[in-house]
Amino acid sequence: MAKDHTHISNQDVQIIMHSRKSLLFDNGTPWMKKGHNDLFDVTMGSYDGAEVCELVGLYILNTLAREYGKEYIGLYRDDGLAAFKNTNGSKADRIRKHMISLFKELGLNITIDCNLKITNFLDVTFNLNTGKHYPYRKPNDHPVYIHRNSNHPPNIIRSLPASISRRISAISHDEEIFKKAAPAYEEALKSSNYTEGLSYIAHQPTKNNRNRKRNIIWFNPPFSSNVATNIGGTFLKLINKHFPKTSKLHKIFNRNTVKVSYSCMPNIASIIKGHNKRIAATHTSKEKEACNCRKKDTCPLNGNCQASNIIYKAEVKTIDNCKTYIGLTEPPFKLRYGNHKMSLNHEKHQNATELSKHIWQLKQNNQPFTINWSIASRAKAYSNESKRCNLCLTEKLIIINTDKRTLLNKRPELISKCRHENKFYINNSSPTTKHRQENHTQLRSEHRRKAKNPNNRTDAKENTPTAEHRRKSYKPTNRTDAKENTPAEQYTNNRIIPVIPTRILYIHGA
Ligand SMILES: [Zn+2]
Ligand SMILES: [Zn+2]
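Residues numbered from 1 in each chain as written. Chains lettered and ligands numbered in written order. Predicted model: local features only at pLDDT ≥ 70, side-chain atom pairs only at ≥ 80, totals over all residues.

Participant: So what about the environment of Asn-120? Which residues, and what values?
Facilitator: Mapped onto the secondary structure, Asn-120 falls in strand 5 (residues 118–121). Residue classification places Asn-120 among the partly exposed residues on the basis of 15 C-beta atoms within 10 Å. A C-alpha to C-alpha distance of 9.2 Å links Asn-120 and Pro-135, two positions 15 residues apart in sequence. (Helix = DSSP H or I, 4+ residues; strand = E, 2+ residues; numbered from the N terminus. Buried ≥ 20, exposed ≤ 12 C-beta atoms within 10 Å, placed from the backbone.)

Here it is, written out as structure tokens:
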């Protein structure tokens, strides 16, 4: 159906199908669904389950609209509601049977209640006899709201009672019904330490809003009540101060185009989850994180050259001064070190980094120097869960805090975009297993070729992250047998980690 409306290439279809493959592992053995021989599944609680549901819903509505018209049929997730005029019992029953068979064709089993005059749908009760609608709650369903003293941005807490009033008013036919329903919600608000009551807001006809689209730049700092600084206010003051009306950039950066809205800090559940993950990860990383140099005493990082996710510091000492260079690496440091070494030894790469430029200058002036590498800090690189790259942020913090007179890094590095995000984009992953394997071998041979013949490498620091990351994530380990494997087993043997497709919607949105 979607193909009727827009162009979808075969590769897109492949990507979408691939990203929907679900795998379940237990102690290293893959599990499969009964009676299925493919991996296609939308799991409960999957990242985009609701969006998939919405798409399926649209398709179903499209099918139903062809039979019954689209005016009186609605669908929300897995609940639908339809109204028919001038139908008697037997006619309604025929429609019911027809609908069930329509859904069967789509492979869905549904239940339909028909001949109703009163029905509950989501949080509203509709009554056709009186033409009124009421708020509805399932029995034993008690509303719970965030506590007044919880660590949320103040405007969220402030506007909560008003937004509840608005919702209850909207689903109440008149004030009388609202007054009947309100006490239960007021009770819930009270138990969350709110003093405000609810008040009826009469339904107002929607005004004709001017829908001019503006390009607004949002700044979303996390909110925490432990921070005393008024970050939003300070930020907006900075905008006023640095882009006054006389500024050339005032047109782009002014109070109408730059806005602040707080985001939330991770909740306790995700903090605990992160903590557990970190504890579990240190066991494995300690074994890995060491040194694989043949001569241990020549290790560039004092026996830590395999450390990953670090910000490193290179101090170049000459007789009269000492310059510092800050860099970061997500893969083990030694890979990055190799690139640096190459740019320091081969004159044609002398412009690869600020560090190599400096060294070559020293060499041309015949000044003796020593380079001392060390770990400045450790931080986690971008992950799909946190949506934050602490590695890049920490590097920038260290660059800012280092004495400018001795620093080799240039200012523009402070505004560079995070490269660690790239590998999570679905268009940077390959759609099929086979494709990936080919890609993988290709990358490896490419890497070998590059290592032998380094002139393909343009920039040691800005080395493309994808090649390195791919090599890291698609490591095939011990293919033991050649027998026919189930699709799931193929995955374990090849150790292919499927990219979590949380970004799939961005493709649709385009
Ligand atoms: Zn080493
Ligand atoms: Zn980053």
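From this point on, the discussion continues.
Participant: Explain the environment of Gly-232 residue by residue, including any values.
Facilitator: Checked against the element boundaries, Gly-232 lands in helix 7 (residues 231–242). Here the alpha-carbon distance between Gly-232 and Ser-261, two residues 29 residues apart in the chain, equals 7.6 Å.

Participant: Got a sec to walk through the nonpolar core? Specific residues and values, please.
Facilitator: What tends to happen in soluble globular proteins is that the nonpolar side chains get buried as a cluster. Core analysis: the biggest nonpolar cluster contains 20 residues, and Ile-310, Ile-311, Tyr-312, Phe-333, Cys-389 and Leu-391 have the highest contact counts within it. In terms of residues, this core owes the most to one element, strand 12 (residues 310–317), which gives four residues. (Core = buried A, V, L, I, M, F, W, Y, C linked by C-beta atoms within 7 Å.)

Participant: Just give me the short version of helix 2 (residues 10–19), but keep the residues and values in it.
Facilitator: All of the buried residues in helix 2 are Ile-15, His-18 and Ser-19. For helix 2, the angular spread of the buried residues around the axis is 90°, confining them to a single face. (Arc of directions from axis to C-beta.)

Participant: Explain the sheet that holds strand 14 (residues 370–378) to me, using residue names and the numbers behind them.
Facilitator: Taken together, the three strands give an open sheet; going across it, the order is 13-12-14, and neighbouring strands pair in antiparallel fashion. Every other strand in the sheet has two partners, leaving strand 13 (322–329) and strand 14 as the edge strands with one partner each. Strand-to-strand, the axes of this sheet are offset by a mean angle of 25°, without reference to chain direction. Sheet analysis places strand 12 next to strand 13, joined by eight bridges and oriented antiparallel. What sits directly across from Tyr-312, in strand 13, is Gly-327. The strands that helix 11 (residues 390–401) touches are strand 12, strand 13 and strand 14; relative to strand 13, the one it contacts most, it runs at about 170°. (Pairing = 2+ DSSP bridges. Axes fitted to C-alpha atoms, helices over the stretch in contact; angles between N-to-C directions. Contact = placed C-beta atoms within 7 Å.)

Participant: Now, about the pairing of strand 6 (residues 124–127): what can you tell me, with residues and values included?
Facilitator: Within a regular strand, side chains alternate between the sheet's two faces. Where strand 5 and strand 6 come together, four bridges link them in antiparallel fashion. Within strand 6, the position partnered with Asn-120 by the bridge is Thr-125. Where strand 5 hands over to strand 6, the hairpin turn is made up of two residues, of which Leu-122 adopts a positive phi near 55°. As paired elements, strand 6 and strand 7 (residues 132–135) share four bridges and run antiparallel to each other. Counted as the bridge partner of Val-124 is Pro-135 from strand 7. In sequence, strand 6 turns back onto strand 7 through a hairpin of four residues, with Gly-131 there showing a positive phi of about 75°.

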